[in-house]
Each structure stands twice: as C-alpha cells, then as structure tokens.
Amino acid sequence: MKIEACIFDLDGVIVDTAKYHYLAWEKLAKELGFNFSKKDNERLKGVSRMRSLDILLEIGNLNLNNSEKIELAKKKNSWYVEYISKMTPEEILPGVVSFLKSLKDNGIKTAIGSASKNALTIIERTDLLKYFDTIIDGNKVSEAKPNPEVFLKAAKELNIKIENSIVFEDAKAGIEAAKNGGFYCIGIGSADILYKANRVIPDFKNFTIANLAVL
Ligand code: B16
Ligand code: MG
C-alpha cells in the first residue's frame, strides 16, 4: 500500500481522555443513584455525547424526557471540560509525538477524525495543533460513528485516496466507521475488543513509520 495519509481518532488514540469521560459519566450516574463500571464505559467509547447518555440511562434503567436529557448532558460536559482544561502535553500517549513527527518528515498527511465536540480544546492544551493538516471533530459532522462521515470528510479535506490511508482507532464504533468508509484500520488496544480492525497494536510505543511499509 502506498500510504498518503494517516487519520487519527483522538480520545484513546492520541490522549487518554477516555478516563475523564469515565469520571464525568460515573459522577453523573452516582448522582442519579446507580453505579457505572469501567466495563460499561467501553460501550461509550467513540460514541456521541447524547448517544452515550442514552446508554448510561439504559444501564440505570431510567426514562427521561428530552429537556431533562439535555440538562444532564450539559452537566456531564461541564465536569468533563473542567478535567480537560487542565491537560498538559505530558498526557499525550507514549510514542505518539515521535510517530507524528516522522509522518511529517516523510510527507504523509495527517488528520484528526474525532466524535468529540471538545477536540480542539484537547489538541490546543496538549500543543498538538502543529502536527495535523486538518481536524474533523464532532462540530463538523452530523452522523455519529459507526457512520464513516468523520473519516470521509477528513480524507476529502486532505485530498487523498481512501485506499491509500490508514485510520487509527481505539473504539469498536470507530473501527466500524473506518471499515464502513473503506479504510484500512489499525486498532489501538486489545484484539479481544477490536477484532474488526485489520490489525491491532497495544499503543504507539514500538510502532514506527517502518511498520507502515509492510502493509
Ligand atoms: P464530547 P473520539 C469521542 O471521541 C469519545 O470517545 C466518546 O467517548 C465521546 O462521547 C465523544 O467523543 C463525544 O465527546 O462529549 O467531548 O463531544 O474517540 O471520537 O475522539
Ligand atoms: Mg476514541
């Protein structure tokens, strides 16, 4: 494969913001009177904010109307934003910066394809803006993953061929989105969960541009 571009999911791939999402959802669940486990949190990864809330309420067996739901989503987001506004470049996951640098040095285009409406805050706080040619986030799409819209938009903005690009994803819904869009997808995490990816790596620690050459 002649690689023209790499498209990265943000939460769980570039930074571990999944832990902050979890803390905020867990706090909300507690306030609503039920427990929310880390295993339950797997179901929210890569999923939009409102869909995440629906899953949470399903777990807690609660039925709420739309305006109540909007209030709860706002509350969760304000807690989440409090966490991410304190982020630093130290929180970038291991191996990510050197991999991004080598992509730049080798003329491979880069994009973020994230469901988050807070993506820009995270990227600015961690000083990563300079590594990406384009950022497609939750504010720029209308369809949530597993719909491929976010990755298709990134590919379009980068002006590259889908078959010559790779999507890096940590979530089931994100991998499905990449595959639905016709992308080669590398899962970041455990193969038990991410078995739909073309390949799974635990993280970027030992992953270099040389690994792309053999795809
Ligand atoms: P927000 P990603 C996703 O980001 C998260 O994985 C998911 O847990 C979250 O609900 C979603 O963003 C929306 O985030 O509430 O900040 O708009 O993994 O696609 O980068
Ligand atoms: Mg993710």
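Residues numbered from 1 in each chain as written. Chains lettered and ligands numbered in written order. Predicted model: local features only at pLDDT ≥ 70, side-chain atom pairs only at ≥ 80, totals over all residues. Heavy atoms only, no water.

## Observations regarding the sheet that holds strand β5 (residues 184-188)
Alright, step 1. Pairing is parallel across the open sheet formed by six strands, whose spatial order is β3-β2-β1-β4-β5-β6. The strands lining the two open edges of the sheet, one partner per strand, are β3 (134-136) and β6 (199-201). Going from strand to strand, the sheet's axes swing by 25 degrees on average, the running direction of each strand aside.
Alright, step 2. Examined bridge by bridge, strand β2 (residues 109-113) and β3 share three bridges and lie parallel to one another. Of the residues in β3, the one forming a bridge with Ala111 is Thr134.
Alright, step 3. Relative to strand β1 (residues 5-8), helix α5 (residues 96-105) is tilted by about 150 degrees, and along the sheet it contacts β1, β2 and β4 (165-169).
Alright, step 4. Strand contacts of helix α8 (residues 172-180): β4 and β5, with the helix running at about 170 degrees to β5, the strand carrying the most contacts. (Pairing = 2+ DSSP bridges. Helix = DSSP H or I, 4+ residues; strand = E, 2+ residues; numbered from the N terminus. Axes fitted to C-alpha atoms, helices over the stretch in contact; angles between N-to-C directions. Contact = heavy atoms within 4.5 Å.)

## As for the domain arrangement of the protein chain
Alright, step 1. Splitting the protein chain by domain gives domain 1 (5-16 + 88-212) and domain 2 (18-84).
Alright, step 2. Put simply, the middle of domain 1 and the middle of domain 2, counted by C-alpha atoms, are 24 Å apart.
Alright, step 3. For the domain 1 and domain 2 pair, buried surface summed over both sides reaches about 1200 Å², with 50% attributable to carbon and sulfur atoms.
Alright, step 4. Three residues stand out in domain 1 for area buried against domain 2, namely Asp16, Glu91 and Asn118, and they jointly supply 37% of the buried area on that side.
Alright, step 5. Remark: the boundary between domain 1 and domain 2 carries four residue pairs in polar contact (both at pLDDT 80 or more).
Alright, step 6. Of all the elements, helix α6 (residues 119-125) adds the most residues to the side of domain 1 that touches domain 2, at three residues.
Alright, step 7. Residue classes in the side of domain 1 that touches domain 2 are distributed as six nonpolar, two polar and seven charged. (Domains from an automatic or database assignment. Buried area = accessible area lost by both parts, 1.4 Å probe. Polar contact = N/O pair within 3.5 Å; in protein donor to acceptor, adjacent residues only side chain to side chain. Nonpolar A, V, L, I, M, F, W, Y, C, P; charged D, E, K, R; others polar.)

## A closer look at the coordination of the magnesium ion (ligand 2)
Alright, step 1. The magnesium ion (ligand 2) binds to the protein through Asp9 (OD), Asp11 (O) and Asp170 (OD), with metal-donor distances spanning 2.0 to 2.1 Å.
Alright, step 2. Sequence spacing of the donor residues for the magnesium ion (ligand 2), all on one chain, is D-x1-D-x158-D. Across this residue pair, the class does not change: Asp9 and Asp11 are buried. (Donors = N, O, S within 2.8 Å, 3.2 Å for Na, K, Ca; no water. Buried < 20%, exposed > 50% of the residue type's maximum accessible area, 1.4 Å probe, protein only.)

## Observations concerning the site of ligand 1
Alright, step 1. Around ligand 1, 18 residues are found, and the nearest of them are Val47, Ser114, Ser116, Lys117 and Asn118.
Alright, step 2. Asp11 places a main-chain nitrogen or oxygen 3.0 Å from an oxygen atom of ligand 1.
Alright, step 3. Considering ligand 1 on its own, with 470 Å² of exposed area, one finds that the protein chains cover 97% of that surface.
Alright, step 4. Considered class by class, the residues forming the shell around ligand 1 number five nonpolar, seven polar and six charged.
Alright, step 5. Taken domain by domain, the makeup of the shell around ligand 1 includes at least three residues from each of domain 1 (5-16 + 88-212) and domain 2 (18-84). (Near = heavy atom within 4 Å. Areas by Shrake-Rupley, 256 points an atom, 1.4 Å probe, with all protein chains shown as cover.)

## Details of the side chain of Asn118
Alright, step 1. Checked against the element boundaries, Asn118 lands in the loop between β2 and α6.
Alright, step 2. On the basis of relative accessible area, Asn118 is assigned to the buried category, the value being 10%.
Alright, step 3. Asn118 has contacts with Arg49, Asn77, Tyr80, Val81 and Ile84, leaving out every residue within four places of it along the chain.

## Remarks on the state of the cysteines
Alright, step 1. Tallying each qualifying case throughout the model produces zero disulfides.
Alright, step 2. In this structure Cys6 is a free cysteine whose sulfur lies 11 Å from that of Cys185, the closest cysteine sulfur available.
Alright, step 3. The exposure class of Cys6 is buried, given its relative accessible area of 0%. (Disulfide = S-S within 2.5 Å.)

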